[in-house]
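# Survey of secondary and tertiary structure
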Amino acid sequence: MKFPAEIDDFLFDDLNALMSVKSTNYIVRKTYLFNDVRAKLYLGKYYPRTFCELYEIFKLILKQDEIANSLRSKEIIKILDLGCGPGCATHGLLWLFKETFGCEKKYEVYCIDGNENMTADLHAITERFFPNTSLRLEKLEFDPTKENIDNFKAKLEKILTEVDEKFDIIIVSKFINEVYTEDWHERLYSKTKYNSEKSIADNNRNFGIPTTFIKDKDDDFYKIVVPSYQYNKGAYKLMLELSNKYLDKCGILYISDPNICVNWVNNDNDIYINELMKEEIQEYLNHVDTILQLLIEPTNRCFDIAYENSRERFTKHEAFISAFSTSDSERRKGE
Ligand SMILES: C[S@@+](CC[C@H](N)C(=O)[O-])C[C@H]1O[C@@H](n2cnc3c(N)ncnc32)[C@H](O)[C@@H]1O
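Counting restarts for each chain, with residues numbered from 1 along the sequence as it is written. Under the rules for a predicted model, residues below a pLDDT of 70 receive no local features and side-chain atom pairs below 80 are neither given nor counted, while totals for whole chains, interfaces and linings still include all residues.

Another aspect to go through is the overall build of the protein. Each helix is a run of DSSP H or I of at least 4 residues and each strand a run of E of at least 2, with the numbering of both proceeding from the N terminus. Helix and strand content of the protein: 13 helices and 10 strands. Residues are called buried when their C-beta atom has 20 or more other C-beta atoms within 10 Å, exposed when it has 12 or fewer, and partly exposed otherwise; all C-beta atoms are positioned from the backbone. Among the 335 residues that make up the protein, the fraction classed as buried is 39%. For the protein, the proportion of contacts with a sequence separation of at least 24, taken over those separated by at least 6, is 77%. Throughout, a pair of residues is in contact if the C-beta atoms placed from their backbones lie within 7 Å.

Take a look at the structure:
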């Protein structure tokens with residue numbers, strides 16, 4: 001698809017979206033701390049990409065009759081968008097649904113995000129282009145450098161329990177990778193307890209945490225630097241588990257992230273987002289009584305639609321999970 005010109009005009013003429021000339025200076029990392037200028041840069045550069053990406057991917061998904069018919073039969077389609085930012089993912093989806101199902105259908109959209117600068121234009125765009133949508137925005141602040149996955153889970157569950165809804169679609173677009181790519185945690189280990197790097201290494205290996213060592217300057221301590229993705233491991237699995245609870249029958253869970261390296265500080269042993277996704281899907285499938293019927297493996301691919309290098313297309317490789325929940329009858333068969 002070509003990004004709709006009327007939305008493009010609205011972004012730049014009414015909402016003061018910005019485009020960075022030196023795009024290499026604009027790094028999408030720690031967006032939960034983005035100020036208003038960086039949020040407007042995101043709006044100008046990345047809103048159209050996510051919008052078109054969701055439109056195209058869900059166009060393919062809707063080719064499955066069971067899914068298309070199930071959505072068509074609903075009077076109201078309920079969408080949850082985690083790490084929604086300006087709403088680009090949900091908006092791309094709503095644009096497709098408007099084309100596919102007509103203008104009569106109603107939508108209830110629940111958006112969750114931690115940065116008010118990133119969500120500043122969410123209401124304006126939704127009201128202007130998607131009048132059949134009722135929108136609720138909740139703030140979830142999670143600091144991946146100080147908190148761990150249990151805090152994240154507790155905060156998310158608190159919001160979702162209050163919302164008290166099941167969703168037809170859960171979108172988690174370019175959010176979880178940021179939980180994994182934050183600063184590294186530092187810890188001090190007493191030298192009396194761990195009197196050599198080897199004993200620290202052995203100890204940490206026992207807990208499965210790879211570490212980097214820096215001898216502290218007063219020489220009494222070893223400073224142990226641990227990549228935060230180790231603390232926050234399980235974020236993808238958590239999304240899959242949440243879908244067990246909050247996804248309606250025949251629902252769709254969609255997770256997408258840029259396939260970046262998560263331990264970019266240490267170049268020795270690169271770990272990429274799609275590896276974490278794959279590992280956590282495996283854990284989920286092994287341990288949870290899953291309602292998810294079909295999991296499309298995370299891939300390392302470009303979503304190759306004929307855009308060349310336009311603003312409508314991400315040039316980075318992306319990693320995806322798409323999952324469909326079983327219908328009631330299929331669930332019963334499995335019991
Ligand atoms: C890269 S943007 C993605 C926006 C949109 N979903 C998309 O696909 O383009 C990531 C969003 O997640 C939110 N986010 C990232 N890390 C977060 C955190 N630790 N706590 C709360 N929100 C966070 C940011 O505020 C931002 O709006």
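Once that is clear, we can look at the environment of M1. By secondary structure assignment, the location of M1 is in the segment before helix 1 (5–14). Take M1: there are 16 C-beta atoms within 10 Å of it, and that puts it in the partly exposed class. In sequence terms M1 and E53 are 52 residues apart; their C-alpha atoms lie 9.0 Å from each other. Ignoring anything within four residues of it in the chain, the contact list for M1 reads C52, Y55 and E56.

Before going further, it helps to spend a moment on unusual backbone geometry. Unlike most non-glycine residues, N16 shows phi in positive territory, near 60°. Structurally, N16 can be placed in the loop between helix 1 and helix 2 (36–45).

Moving on to helix 7 (residues 149–163). One less than the number of residues in a helix, times 1.5 Å, gives the span that helix is expected to have. The terminal C-alpha atoms of helix 7, which comprises 15 residues, lie 21 Å apart, in line with the 21 Å expected from a rise of 1.5 Å per residue. Of the residues one or two after helix 7, D164 is the one with positive phi, at around 50°.

For each residue, a C-beta position is placed from the backbone atoms; the residue is near a molecule or strand when that point lies within 6 Å of it. In the vicinity of the ligand, 23 residues are found, and the nearest of them are G83, G85, G114, N115 and S173. For the shell around the ligand, the elements supplying multiple residues, two or more each, are helix 5 (88–101) and helix 8 (176–180). Three classes are used, and their members are as follows: Ala, Val, Leu, Ile, Met, Phe, Trp, Tyr, Cys and Pro are nonpolar, Asp, Glu, Lys and Arg are charged, and the others, Gly among them, are polar. Here the shell around the ligand is composed, by residue class, of 12 nonpolar, 7 polar and 4 charged.

This paragraph deals with the nonpolar core. With 67 residues, the main nonpolar core has I79, L93, I170, I176 and M239 as its most contacted residues. Sequence-distant contacts of I176, defined by excluding residues within four places in its chain, comprise A235, Y236, M239, I255 and D257. Take the buried Ala, Val, Leu, Ile, Met, Phe, Trp, Tyr and Cys residues, join any whose C-beta atoms are within 7 Å, and the set you get is a nonpolar core.

Counting buried residues in strand 4 (residues 167–173) gives 7 out of 7 residues, a clear majority hidden from the surface. Two strands pair if DSSP finds at least two bridges between them. Relative to strand 8 (residues 247–258), strand 4 runs parallel, the two being bridged by 6 bridges. Looking across to strand 8, one finds that S173 is bridged to S256.

Let us now look at the packing of helix 3 (residues 47–61) against helix 5. Packing of helix 3 against helix 5 leaves a shortest axis separation of 7 Å and a crossing angle of 45°. Between helix 3 and helix 5, the interaxial angle falls into the category oblique. Crossing of helix 3 against helix 5: the hand is right-handed. On the side of helix 3, the interface is formed by Y47, T50, F51, C52, E53, L54, Y55, F58 and K59, while helix 5 contributes C88, A89, H91, G92, L93, W95 and L96. Simply put, an axis is a line fit to the C-alpha atoms, just over the touching stretch for a helix, and the angle between two N-to-C directions goes from 0 to 180 degrees. The scheme is simple: roughly parallel for angles under 35 degrees, roughly antiparallel for over 145, roughly perpendicular for 65 to 115, oblique for anything else. For any pair of crossing helices, the crossing counts as left-handed if the nearer helix is rotated counterclockwise from the farther one by less than a right angle, and right-handed if it is rotated clockwise.

In this section: the confidence of the model for the protein. In the predicted model, the protein carries a mean pLDDT of 79, and 69% of its residues have values of at least 70. The low-confidence segment residues 312–317, where pLDDT is below 50, has 19 contacts with residues more than four positions distant or belonging to other chains. For residues 327–335, every residue scores under 50 in pLDDT, and the model assigns this stretch 6 contacts once sequence neighbours within four places are set aside. pLDDT is a per-residue confidence score from the predictor, ranging from 0 to 100.

Moving on, we get to the environment of K174. Locating K174 in the fold gives a position in the loop between strand 4 and helix 8. The exposure class of K174 is buried, given the 22 C-beta atoms found within 10 Å. On a C-alpha basis, the gap between K174 and P258 in space is 6.6 Å, while along the polypeptide they are 84 residues apart. When near neighbours in sequence (up to four residues on either side) are disregarded, K174 contacts T50, S256, D257 and P258.

Where helix 7 meets helix 11 (residues 235–246), the axes come as close as 11 Å, and the angle between the chain directions of the two elements is 25°. Between helix 7 and helix 11, the interaxial angle falls into the category roughly parallel. Helix 11 is crossed by helix 7, and the crossing has right-handed handedness. Here I149, F152, K153, L156 and L160 of helix 7 lie close against helix 11, whose contacting residues are A235, L238, L242 and Y246. Per-class residue counts for the contact of helix 7 with helix 11 are 8 nonpolar, no polar and 1 charged.

Now for helix 6 (residues 122–129). Where helix 6 is concerned, the buried positions are L122, I125 and T126. Burial along helix 6 is one-sided: seen end-on, the buried residues are contained in an arc of 100°. Contacts from the buried residues of helix 6 go to helix 1, helix 5, strand 2 (106–113) and strand 3 (133–139). Our arc is simply the arc of the directions from the helix axis toward the C-beta atoms.

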